[in-house]
Amino acid sequence: MKVSVRDLTKIFPARGRKKGEDVVAAGHVSFEIEDGELIGLLGPSGCGKSTILNLLCGLLQPTEGRIFFGEEDVTDLPAEQRGVGMVFQNYALYPHLTVMQNIMFPLQNFKGDRKLSREEIKKRTDEAARLVQIDGLMDRKPAELSGGQQQRVAIARALVKMPRILLMDEPLSNLDARLRLQTREEIRRIQRETGITTVFVTHDQDEAMSISDRIIVMQSGVVNQIGKPQEVYDSPANLFVAKFLGNPQINTFRGAVRGGEVYVGGDCILPADGIPDGEVIVGVRPEGLIPAPDGALGCRLRGVEVMGRDISVLAEHDASEAATVRSIVSAENIAMLGGGTVRFDIKPGKAFVFAADTGLRLDGRRADG
Amino acid sequence: MGKRSAKGWLYLLPAILFLGFFLVYPLVDVFVYSFEESYNFASQTYAGVGTFNYSYILRDPYFLQAIKNTFILVIITVPVSTGLALVISLALNSIERLRRLFQTVYFLPYVTNTLAVGLVFMILFQRTPYTDGFVNLMLSWFGAGPVDFIDGPYAAKMFVLCLYTVWIVLPFKILILTSALASVSKDYYNAARIDNTPPFRVFRKITLPMISPSIVYLVITGFIGAFKAYSDAVALFGTNLNAAGMNTIVGYVYDMLYGSSGGYPSYASAAAIVLFVIVLTITVINLLVSRKHVHYNS
């Protein structure tokens, strides 16, 4: 099912006796999701991503804007009639029902033409359980399951009614690190097998990047960028997106454009085609800083972190926004380091120029997202 | 006995002595009295040992009347008050505006003195040479004749007693149930909503199981409380409950000890033991039934 969101706005009015500011949880959000896509809705906590999810499923009503499932305008349709499947952050499994009863719960609500026979319900429940591989645990209560198993039950319950779209709210946040890796691949597999259009909310960029077809990066209720994970990473639309994606974080320097060149400190590090003179922020991915004896950017060397496959070269620079400048190189290149200063070459395509005041990308290479 | 456990017992001693003197000893004593014929407090003598006291009270029309009254009271007021409290709590839980006001209003009877409430009920229901009472006034608007609720037919008196009891126990039950309802996570309701669950199914399959421990608690304490009813009847019908035909088991025990017919501790003890057996039986049944239907792991 194709999903279109047009100009969606949600304002929570100020509450309480002391009238505070209204909270704009989502401001003029628009995007399109193709049929069968897995979309990661990514942003820091409080950015409005859960609000968008609740608007999609109908638990919240938008202040403005429309939502379409396919050609149908569902904006005014209550949650009960939207036919979406939802996996809640804490799973919301009914604790007094068994796994089987939990999964068949949505099917037993079907009425009229859609009403299912007992055998039909049993069959579809078993299918859903097999899909998420919990068919051996049907008689357990949720409290007797591990976090990962509960997660699977929640997914099965959301999928069993064959929803038009599947929504997941921070589906992995309650799992430990190892299980998280495993489960996210599992979610990807289930989504591929069912081909169901899926939106999942996360604040974890690794998670979003690794399994999404496309990601939507949000900040303060506004969509910053939409695109394939790699595209967004390679060509962030603004400083926020550049900082939010990538681990370790991007290095940022206060710099200036003078006469068609970008200066950080005294060093001219990049050409600045068509960028007017002025203050800028230069972002360089850690893998874009390559130690070289005659490199463009000079920093004070602080140390080296060896992490097996790669090493991190840690340095300092007066113009750096963070205390540490980090460069990641493969372990063979370690030999060339020495002395109190280290110079880096800037790898093209790994460095971006942003306006110092607005944070918007200034150099032209950004792809359409 | 090691030194450590001796020390432990020493610490427990005050509590054991206190409970022993004021709880265990009287319990045992009541049981003993109930088998001692014509026990006399003053002379500390009795005529014989046997089940005479039981066979006497079980043939005493006043005791039989008290048992009947108590059972009617229990069977009517426990389900009605629990059901009503559930309905009111659900309503309170679903409104947002004025919720606090209504919560306060419903809680007021709990902090009001029983006898004061009894006086108010008298004004509402009692006929005097000057007035037929407020309720009769309202009945007359619908063309119904005046009914003497305090001194009239049995059904009318029982109705007032039940109404009074329900009204007295309601606030506590509402308090317990509203907090139980408020503690059910909203996520369950959101999940049910997204799955298009009909409201009654939500109530039966989600709300009711989730608050079932509170309901069981209220039913069991409700049964016990209603079996021990006494002051409510006194507040409405005065101290001579036998004459009014509105005595309860506890009232009968009290009358046997101190009442106008007073001074029969053996009969009182037997009646108290009968009450104990009834309450114990009902509570055990309650627990057995509820074990199947209650979900404690939430």
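Residues numbered from 1 in each chain as written. Chains lettered and ligands numbered in written order. Predicted model: local features only at pLDDT ≥ 70, side-chain atom pairs only at ≥ 80, totals over all residues.

Scanning chain B from terminus to terminus reveals 13 helices and 2 strands. Taken along the three principal axes of its C-alpha coordinates, chain B extends 75 × 75 × 30 Å. When the 298 residues of chain B are sorted by exposure, 29% land in the buried category. Sequence separation of 24 or more characterises 67% of the internal contacts of chain B that already satisfy a separation of 6 or more. (Helix = DSSP H or I, 4+ residues; strand = E, 2+ residues; numbered from the N terminus. Buried ≥ 20, exposed ≤ 12 C-beta atoms within 10 Å, placed from the backbone. Contact = placed C-beta atoms within 7 Å.)

This part is about the overall build of chain A. Per the secondary structure count, chain A includes 9 helices and 20 strands. Restricting to contacts in chain A with at least 6 residues of sequence separation, those with at least 24 account for 67%.

Here we come to the pairing of strand 8 (residues 197-202) of chain A. All names here are of chain A. Burial of strand 8 is extensive: 6 of the 6 residues sit out of reach of the surface. Burial of strand 8 is two-sided: the residues Thr197, Val199 and Val201 facing one way and the residues Thr198, Phe200 and Thr202 facing the other way are all buried. When strand 3 (residues 38-42) meets strand 8, the two strands line up parallel, connected through 5 bridges. Each bridged residue has a counterpart across the sheet, and for isoleucine 39 the counterpart in strand 8 is valine 199. Note: strand 7 (residues 165-169) against strand 8, 5 bridges, orientation parallel. Within strand 8, the residue paired with aspartate 169 across the bridge is valine 201. Once you follow strand 7 into helix 6 (residues 177-194) and on to strand 8, the crossover reads as right-handed. (Pairing = 2+ DSSP bridges. Right-handed = clockwise from strand over helix to strand, strands pointing away.)

Okay, the interface of chain A and chain B next. At the junction of the two partners, chain A supplies 19 residues and chain B supplies 16 residues. Ranked by the residues each element gives to the side of chain A that touches chain B, the list is headed by helix 2 (residues 79-82) of chain A, at 3 residues. For the side of chain A that touches chain B, the class distribution of residues is 12 nonpolar, 4 polar and 3 charged. (Nonpolar A, V, L, I, M, F, W, Y, C, P; charged D, E, K, R; others polar.)

Take the domain arrangement of chain A next. Residue and element names in this part refer to chain A. Per the domain assignment, the segments making up chain A are domain 1 (3-239) and domain 2 (241-355). Taken together, the contact pairs 12 residues of domain 1 with 12 residues of domain 2. Mapped onto the side of domain 1 that touches domain 2, the elements with two or more residues apiece are helix 7 (205-211), strand 10 (222-227) and helix 8 (229-234). When residues of the side of domain 1 that touches domain 2 are assigned to their parent elements, the largest contribution, 3 residues, is made by helix 8. Tallied by class, the residues present in the side of domain 1 that touches domain 2 amount to 6 nonpolar, 4 polar and 2 charged. (Domains from an automatic or database assignment.)

Turning next to the nonpolar core. Looking at soluble globular proteins, one finds that nonpolar side chains tend to be buried together. In this structure, Leu41, Ala156 and Leu167 of chain A together with Ala271 of chain B are the most contacted members of the largest nonpolar core, which totals 156 residues. When residues of this core are assigned to their parent elements, the largest contribution, 10 residues, is made by helix 7 (residues 154-182) of chain B. Excluding anything up to four places from it in sequence, leucine 41 of chain A contacts Lys49, Ile52, Leu53, Val199, Phe200, Val201, Ile216 and Met218 of chain A. (Core = buried A, V, L, I, M, F, W, Y, C linked by C-beta atoms within 7 Å.)

All right, on to the confidence of the model for chain B then. Residues and elements named next belong to chain B. Residue-level pLDDT values for chain B average 87, and 98% of them are 70 or greater. Per-element confidence in chain B is highest for helix 3 (residues 61-94), whose mean pLDDT is 93, and lowest for helix 6 (residues 134-141), whose mean pLDDT is 80. Scoring the predicted complex yields pTM 0.81 and, for the interface, ipTM 0.83. (pLDDT = per-residue confidence, 0-100.)

It is worth spelling out helix 1 (residues 3-33) of chain B at this point. Since the α-helix turns once every 3.6 residues, residues separated by three or four places project in the same direction. The sharpest bend along helix 1 of chain B measures roughly 45° and falls at glycine 20 of chain B. Along helix 1 of chain B, only 1 of the 31 residues are buried, which leaves the element largely exposed. (Bend = angle between axes of the 7 residues up to and from the residue.)

Right, let's get into the sheet that holds strand 4 (residues 64-69) of chain A. Note: strands within a sheet are paired through backbone hydrogen bonds, in either parallel or antiparallel orientation. Residues and elements named next belong to chain A. Taken in spatial order, the 4 strands line up as 2-1-4-5 in an open sheet, and their pairing is antiparallel. Lying at the two open borders of the sheet, with one neighbouring strand each, are strand 2 (23-33) and strand 5 (72-73). Relative to strand 5, strand 4 is paired through 2 bridges, and the arrangement is antiparallel. Bridge assignment links phenylalanine 69 to a residue of strand 5, and that residue is glutamate 72. Packing against the sheet, helix 1 (residues 49-57) makes contact with strand 1 (3-12), strand 2 and strand 4, and its axis sits at approximately 65° to strand 2. (Axes fitted to C-alpha atoms, helices over the stretch in contact; angles between N-to-C directions.)

All names here are of chain A. As a packed pair, helix 5 (residues 147-159) and helix 6 sit with axes 11 Å apart at the nearest point and diverge in direction by 20°. When the axis of helix 5 is compared with that of helix 6, the two are roughly parallel. Where helix 5 crosses over helix 6, the handedness of that crossing is right-handed. The residues of helix 6 that touch helix 5, namely those facing Gly147, Gly148, Gln151, Ile155 and Leu159, are Leu179, Thr183, Ile190 and Thr194. Of the residues belonging to the contact of helix 5 with helix 6, the class tally is 4 nonpolar, 5 polar and no charged. (Parallel < 35°, antiparallel > 145°, perpendicular 65-115°, else oblique. Left-handed = near helix turned anticlockwise from the far one by under 90°.)

Residues and elements named next belong to chain A. Tracing the backbone through its elements, the reader meets valine 74 in the loop between strand 5 and helix 2. Given 20 C-beta atoms within a 10 Å radius, valine 74 is considered buried. Separated by 18 residues in the primary sequence, valine 74 and leucine 56 have C-alpha atoms spaced 8.9 Å apart.

Residue and element names in this part refer to chain A. Judged by pairing direction, the sheet is antiparallel, and its 5 strands sit side by side in the order 15-19-16-17-18 without closing on themselves. Of all strands in the sheet, those bounded by a partner on one side alone are strand 15 (289-291) and strand 18 (325-330). Each strand axis lies, on average, 50° off the axis of its neighbour in the sheet, ignoring direction. Pairing geometry for strand 16 (residues 297-306) and strand 19 (residues 341-346), over 4 bridges, is antiparallel. Across the sheet, residue glycine 298 finds its bridge partner in strand 19, namely arginine 343.

Residues and elements named next belong to chain B. The first and last C-alpha atoms of helix 13 (residues 265-293) sit 42 Å apart over 29 residues, in line with the 42 Å expected at 1.5 Å per residue. Listed as buried for helix 13 are Pro265, Ser266, Tyr267, Ala268, Ser269, Ala270, Ala271, Ala272, Ile273 and Leu275. Each element contacted by the buried residues of helix 13 is listed here: helix 1, strand 1 (36-37), helix 2 (52-57), helix 3, helix 9 (199-227) and helix 12 (249-258). (Expected span 1.5 Å × (residues − 1).)

Attention shifts here to the pairing of strand 9 (residues 214-219) of chain A. Residues and elements named next belong to chain A. Most of strand 9 sits inside the fold, with 6 of its 6 residues counted as buried. Here strand 9 shows a buried face lined by Arg214, Ile216 and Met218 and a second buried face lined by Ile215, Val217 and Gln219. Examined bridge by bridge, strand 9 and strand 10 share 5 bridges and lie antiparallel to one another. Bridged to valine 217 within strand 10 is glutamine 225. Hairpin connection, strand 9 to strand 10: the antiparallel pair is bridged by 2 residues, and serine 220 has positive phi, about 50°.

Residues and elements named next belong to chain B. The interhelical angle for the contact between helix 3 and helix 9, taken along N-to-C directions, is 150°, at an axis separation of 9 Å. Between helix 3 and helix 9, the crossing angle belongs to the class labelled roughly antiparallel. Remark: the crossing between helix 3 and helix 9 carries right-handed chirality. For the pair formed by helix 3 and helix 9, the contact residues are Thr70, Leu73, Val74, Thr77, Val78, Ser81 and Thr82 on the first element and Ile215, Leu218, Val219, Gly222, Phe223, Ala226 and Phe227 on the second. Among the residues making up the contact of helix 3 with helix 9, the classes are represented as 9 nonpolar, 5 polar and no charged.

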